[in-house]
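# An overview of the molecular structure
Now for the letters of each chain:
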Amino acid sequence: MKKVIALLLAVVLVMALAACGSSNSTAPAATEAPKAADTPKTDTPKADEPKADEPKTEAPAEVQWPTGDVTILVPADVGAPLDLATRVMKDYLQEKTGYNIIVENDGTGGGAKLGEKLYSAPTDGSILMYAGGGQVPPYYNGSWAHNLANPDDYTIVSSMVGLAVPSGAVVVTQPDAPYDTWADLVQYVKDNPNTIVAGAANGTPHEVRLKLLLREEGILDKVRWISGTNNDISTGLLGGSINVGMLTETAGPQFMVEGKLKGLLYSNVVRNYAGKPEVVAALDAIPTVADIYGEAKAPELTCAWPMAFCAPAGMDEALADKICEVVSSIVDSPEYMERVAALGGTNTFQDFTRAEMREMMDRVDEQCKSFYGN
């Protein structure tokens, strides 16, 4: 029994010693907090740099013209002054651009068919028309379906080769007429209403110009008016069936030089005609509209008729400006400007801005409305 008790005491003693050893050992290290999950590192874009996923903005490409062959519509017959001026520009553009420039003529109805073709043409600059103020009256007298002066119908693109603006025409009569000056004619009509037959080519600048002058003097309703072709008016004047008429500044003065007609008034603001010396002398012998009515009033009575390249309505403004730039560069070519001068008369390149052309066309439109109605 004593042996058992001694054995138990020994076991208790061993267990007590083990407990004391455990309390003197080093404490375990503090548990570290778990690390936050790693997040992908991103670079903040600079203020002046686009983000990687955003498209870069590029400058728009410069508009080019032409990009292929171009057709120029001419509302006149082959060989007419309008056609000859177009041929000079055709040659220049063909040489400058390397593309074919095709001229299409049709003077029927003042070019009415070509006017419709242009109206329905694409707006890419592949089809243009050489026209101007002279194509506005045909709209008001019913020949044209659309109005060249209306920006909703057509676009005025650039100046063109043509008679200088202003350019003129001549009021003429028979050599034995009882009036030798414009003032004499005005007084004669007032004293003898409805005895004088006056005329000019129908639907032309000359018709509007002569009517402007007669209206200014208050005698438009005191003459018997007759219209026809240029040839009709010339024949009537030479034959005496027309007492007073307006002819071009080339045809009229030639008849004056030959003694077949006498001049009363040069429908121009300035004396810019360049031609045969005898023709220039004949024009110098009669007063201009500015001489009689003053320089301030004269532009209203002479009616500036610009010539232009026209396009369908809706052409992009940048493209129209580009065409204007290319066409206008002809003034930098001495060779082609000599060819323009060789056309005679006051032919030149009408170097106007598109805004100036628009303003002149608006004036032509208002003048035509006053005679032909809306």
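Residues numbered from 1 in each chain as written. Predicted model: local features only at pLDDT ≥ 70, side-chain atom pairs only at ≥ 80, totals over all residues. Heavy atoms only, no water.

Quick look at the overall build of the protein now. A count of helices and strands for the protein gives 14 helices and 12 strands. Evaluated residue by residue, the protein yields a buried proportion of 45% over its 374 residues. Partitioning the contacts of the protein with sequence separation of at least 6, the portion at a separation of at least 24 is 76%. By element, 54% of the accessible surface of the protein is carried by carbon and sulfur atoms, the whole surface being about 19,500 Å². (Helix = DSSP H or I, 4+ residues; strand = E, 2+ residues; numbered from the N terminus. Buried < 20%, exposed > 50% of the residue type's maximum accessible area, 1.4 Å probe, protein only. Contact = heavy atoms within 4.5 Å. Areas by Shrake-Rupley, 256 points an atom, 1.4 Å probe, with all protein chains shown as cover.)

Once the charged atoms of two side chains with opposite charge are near each other, the side chains can pair. Per the counting criterion, the structure on display carries 16 salt bridges. Residue K322 pairs with E62 through a salt bridge whose shortest N-O separation is 3.3 Å. Of this pair, K322 sits in helix α12 (residues 317-328) while E62 sits in the loop between α1 (2-23) and β1 (70-74); the two residues are 260 residues apart in sequence, bridging distant segments of the chain. The buried category is assigned to K322, whose relative accessible area is 12%. (Salt bridge = Lys/Arg side-chain N within 4 Å of Asp/Glu carboxyl O.)

The buried count for strand β11 (residues 307-312) comes to six of six residues, which makes it a mostly enclosed element. As judged from the four bridges shared by strand β3 (residues 127-132) and β11, these two strands associate in the antiparallel manner. Its bridge partner lying in β11, M129 is registered against C310. Sheet topology note: the strand β4 (residues 154-159)/β11 ladder contains five bridges and is antiparallel. The residue of β11 that forms the bridge with S158 is F309. (Pairing = 2+ DSSP bridges.)

It is worth spelling out α12 at this point. Residues that lie three or four places apart on an α-helix share one face, since the helix turns once every 3.6 residues. Taking 1.5 Å of rise per residue, 12 residues should cover 16 Å, and α12 covers 16 Å from first to last C-alpha, within 8% of that figure. Its side-chain oxygen 3.0 Å from the backbone nitrogen of A318, D316 forms the N-cap of α12. (Expected span 1.5 Å × (residues − 1). Polar contact = N/O pair within 3.5 Å; in protein donor to acceptor, adjacent residues only side chain to side chain.)

Further remarks concern the sheet that holds strand β7 (residues 197-201). Read from one edge to the other, the open sheet built from five strands follows the order β8-β7-β9-β6-β10, with strand pairing classed as mixed. On the outer flanks of this sheet lie β8 (224-228) and β10 (262-266), each paired with one strand and no other. On average, adjacent strands in this sheet sit at an angle of 30° to one another, irrespective of strand direction. Sheet analysis places strand β6 (residues 169-173) next to strand β9 (residues 244-248), joined by five bridges and oriented antiparallel. The residue bridging V170 from the neighbouring strand is L247, located in β9. Where helix α7 (residues 230-239) meets the sheet, its contacts fall on β6, β7, β8 and β9, and the angle it forms with β9 comes to roughly 130°. (Axes fitted to C-alpha atoms, helices over the stretch in contact; angles between N-to-C directions.)

In this section: the packing of aromatic side chains. For the structure shown, the criterion picks out five aromatic pairs. When the ring of Y119 is compared with that of Y154, the centres are 6.0 Å apart and the planes differ by 70°; the resulting orientation is edge-to-face. Taken together, the residues span a long stretch of sequence, with Y119 in helix α3 (residues 112-119) and Y154 in strand β4 at a distance of 35 residues. Residue Y154 is classed as buried on the basis of its relative accessible area, which comes to 1%. Ring centres 6.2 Å apart and planes at 65° place the aromatic pair W144 and Y154 in the edge-to-face group. Separated by 10 residues along the polypeptide, W144 in the loop between α4 (137-140) and β4 and Y154 in strand β4 bring together distant segments of the chain. For W144, a relative accessible area of 4% gives the class buried. Among the aromatic side chains, those forming a connected cluster through ring pairs are Y119, W144 and Y154. (Phe/Tyr/Trp six-rings, centres within 6.5 Å; stacked < 30°, edge-to-face > 60°.)

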